[in-house]
There are 2 protein chains.
Amino acid sequence: MESLDFVPSNLNNFGPNCDSKTISHTTSYCVKRKKKKGMGTITAPWKQLLLNALESNSHLKHSSYFQLATVGCNGRPSNRTLVFRGFQESSDKFHINTDNRTHKIEELKHCPFAEICWYFTDSWEQFRINGRVDVIDGSNPDTFKLQQREKSWFASSVKSRLQYLGPNPGLPRISEHQSEEEDRLDPSIGPVAAFCLLVLDPDQVDYLNLKNNERVKFISTLDMNGVKNWTSERINP
Amino acid sequence: MESLDFVPSNLNNFGPNCDSKTISHTTSYCVKRKKKKGMGTITAPWKQLLLNALESNSHLKHSSYFQLATVGCNGRPSNRTLVFRGFQESSDKFHINTDNRTHKIEELKHCPFAEICWYFTDSWEQFRINGRVDVIDGSNPDTFKLQQREKSWFASSVKSRLQYLGPNPGLPRISEHQSEEEDRLDPSIGPVAAFCLLVLDPDQVDYLNLKNNERVKFISTLDMNGVKNWTSERINP
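Residues numbered from 1 in each chain as written. Chains lettered and ligands numbered in written order. Predicted model: local features only at pLDDT ≥ 70, side-chain atom pairs only at ≥ 80, totals over all residues. Heavy atoms only, no water.

Caption draft 1: How the structure looks around the overall build of chain A. On a plain count of helices and strands, chain A comes out with five helices and nine strands. Of all 237 residues assigned to chain A, the portion counted as buried reaches 56%. Sequence-distant contacts in chain A: of pairs separated by 6 or more residues, those separated by 24 or more amount to 68%. Within the structure as shown, chain A displays about 10700 Å² of accessible surface, and the carbon and sulfur contribution to it stands at 52%. (Helix = DSSP H or I, 4+ residues; strand = E, 2+ residues; numbered from the N terminus. Buried < 20%, exposed > 50% of the residue type's maximum accessible area, 1.4 Å probe, protein only. Contact = heavy atoms within 4.5 Å. Areas by Shrake-Rupley, 256 points an atom, 1.4 Å probe, with all protein chains shown as cover.)

Below, the structure written as structure tokens:
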């Protein structure tokens, strides 16, 4: 991870958004769509498993860290640790903050797919979450997305925000200390140019529990109305 | 990870193979080649940093787990947790055990490059290790490689070996319990068909220390004799 992705902020949107029992022990079945009261949203069947894992590992600082794999412009895989910043409201989309000047931005513009590998060290659970990533920087024409980016900026600590004023990540290090300008930031000022919100929209989740040797694969398809339907299947670990 | 990759074995070949001070604080420089007494091998400058991280995090069971990213046959990235099984003797090549029936084998045959992301949760260090992977199964024509595979098999616990006799990982789960045959394995019997050794030969390492905010990039080139030379440079975190 770049250190700038790494200062923890409030992990917003963590509330238990779904109450469905998620794992069936039949071999294969279609997951019922669950509507939240008055929200009209559909709960992904793996989401409660992930919320449970976050809860049971919450005493560990690193429980919100995962590894995000992308494909580099040279066709090679690329992999780094990043911080989970919460779900987009009423959805199963993952928020990640990053610096617009890092290689992953270029990589995601070249190939928009990514896979999160999230291993919970206390509960011995692994989630592999594959999906498409939307890169939202200040030039985005969509007002809702810009609002999401701004919200994510203000949800970060001021210390975290300061790092987006630092020198270009990955370039040769020239100075030892940051300038005075970089030490100060008006907390009321909105996102700076380098601040970028990544939104990962998952379409496949592979869940593995090493304590009971369970593995479940969740796959989504879009129905005629463009609504995501999840199916799940127990597979051999 | 597939659980079969996951039963810890002896982490062999861990001895301090190099005694060089690895990080220079000049902006960019060539790393001196270090020869081990009587071995003629060259020590990669990042290796001691990694051995130090393994040592300082050794009280954590998960300190030998990392995430390996590959490129799927559909061009999307793929990412899973695996266990470090040690370095190949007198080299900087990483050993990983896996099941020949997993997707990663097909993926690596399609694109032989991978990136390890290894985050040490106690020392706050991250290593991103990019290189080419050699897939060594029982059909390999190279005697030395077959010996390496056999050595890795016997270095695994019998419990770990047993899992290679289980049902095909990733396929729909049919039976709840393994057969009696799968419960027994003669400890003197060599590697079964499904057992596969992966050897990752790194050519680029990105090291980040979040406690002191240091980041160093190590890049290798091959000289005229095919010998790997490492250069390193401090970069912005």
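The structure having been displayed, the exposition proceeds.
Caption draft 2: Broad picture of the relation of the copies chain A and chain B. Structural alignment of chain A on chain B gives an RMSD of 0.0 Å, achieved by rotating through 180 degrees and translating 0.0 Å along the axis. In the structure described here, the two chain copies are related by an operation that fits a two-fold rotation axis. Residue A:Ala69 of chain A places its C-alpha closer to the rotation axis than any other residue of that unit, at 2.9 Å. When the interface residues of chain A are mapped onto chain B, 100% of them again lie at the interface, so the same face is used by both copies. (Least-squares fit on C-alpha atoms with pLDDT ≥ 70 in both.)

Caption draft 3: Focus on the pattern of salt bridges. Residue and element names in this part refer to chain A. Evaluated as defined, the whole model comprises 20 salt bridges over all chains. With its nearest N and O atoms 2.9 Å apart, the salt bridge here joins Asp-99 to Arg-101. Here Glu-115 ties to Arg-128 by a salt bridge, and the two come within 3.1 Å at their closest N and O atoms. Taken together, the residues span a long stretch of sequence, with Glu-115 in strand S5 (residues 113–120) and Arg-128 in strand S6 (residues 125–136) at a distance of 13 residues. The same class applies to Glu-115 as to Arg-128, namely buried. (Salt bridge = Lys/Arg side-chain N within 4 Å of Asp/Glu carboxyl O.)

Caption draft 4: Highlighting unusual backbone geometry. Residue and element names in this part refer to chain A. Residues other than glycine seldom take positive phi values, yet Ser-90 does so here, at roughly 55 degrees. Along the polypeptide, Ser-90 turns up in the loop between strand S3 (77–83) and strand S4 (94–99). On the accessibility criterion, Ser-90 (25% relative accessible area) is partly exposed. Of note in this structure, Trp-124 is not a glycine but carries a positive phi near 55 degrees. Mapped onto the fold, Trp-124 is located in the loop between S5 and S6.

Caption draft 5: Layout of the environment of A:Ser123. Residues and elements named next belong to chain A. Positionally, Ser-123 belongs in the loop between S5 and S6. Sequence-wise, Ser-123 and Ser-56 are 67 residues apart; in three dimensions their C-alpha atoms are separated by 7.1 Å. Here Ser-123 is in contact with Ser-56, Asn-57, Asn-209 and Lys-211, once residues within four sequence places are set aside. A polar contact is formed between the side chain of Ser-123 and the side chain of Asn-57, at a distance of 2.8 Å. (Polar contact = N/O pair within 3.5 Å; in protein donor to acceptor, adjacent residues only side chain to side chain.)

Caption draft 6: The UniProt feature "domain: Pyridoxamine 5'-phosphate oxidase Alr4036 family FMN-binding" (unreviewed entry) in chain A, seen in detail. Here, UniProt's "domain: Pyridoxamine 5'-phosphate oxidase Alr4036 family FMN-binding" (unreviewed entry) annotation points to residues 44–136 of chain A. End-to-end, the C-alpha atoms of residues 44–136 of chain A are 23 Å apart, and along that stretch the chain is 19% helix and 43% strand. (UniProt positions renumbered as here; feature names shortened; annotations may be inferred.)

Caption draft 7: Local environment of helix H2 (residues 103–110) of chain B. Residues and elements named next belong to chain B. For H2, the full list of buried residues reads Lys-104, Ile-105, Glu-107 and Leu-108. Projected down its long axis, H2 shows its buried positions confined to an angular sector of 165 degrees, all on one face. Exposed residues on H2 whose side chains face more than 90 degrees from its buried face are His-103, Lys-109 and His-110. Buried residues in H2 make contact with strand S2 (65–71), strand S3 (77–83), strand S4 (94–99), strand S5 (113–120), strand S6 (125–136) and strand S7 (195–209). (Arc of directions from axis to C-beta.)

Caption draft 8: Up close: the packing of aromatic side chains. Under the criterion given, the structure shown has 32 aromatic pairs over all chains. Centre to centre, the rings of A:Tyr164 and A:Phe195 are 5.1 Å apart; their planes meet at 80 degrees, and the pair counts as edge-to-face. A residue pair is termed long-range when its members are at least 10 positions apart, and A:Tyr164 in the loop between helix H4 (158–162) and helix H5 (180–183) and A:Phe195 in strand S7 (residues 195–209) qualify at 31 residues. Like A:Phe195, A:Tyr164 is buried. For the pair B:Trp46 and B:Trp230, a centre-to-centre distance of 5.8 Å together with 80 degrees between the ring planes defines the contact as edge-to-face. Of the two residues, B:Trp46 is situated in the loop between strand S1 (28–30) and helix H1 (47–56) and B:Trp230 in strand S9 (residues 228–234); the sequence distance between them amounts to 184 residues. (Phe/Tyr/Trp six-rings, centres within 6.5 Å; stacked < 30°, edge-to-face > 60°.)

Caption draft 9: Summary view of the pairing of strand S8 (residues 214–222) of chain A. Residues and elements named next belong to chain A. The sheet contact formed by S7 and S8 spans six bridges and is antiparallel. In the sheet register, Asp-206 faces S8, and the bridge partner there is Lys-217. Taken together, the seven bridges between S8 and strand S9 (residues 228–234) define a ladder with antiparallel strand orientation. By the bridge assignment for S9, Lys-217 is matched with Glu-233. Counted between consecutive antiparallel strands, the loop separating S8 from S9 contains five residues, among which Gly-226 sits at a positive phi close to 80 degrees. (Pairing = 2+ DSSP bridges.)

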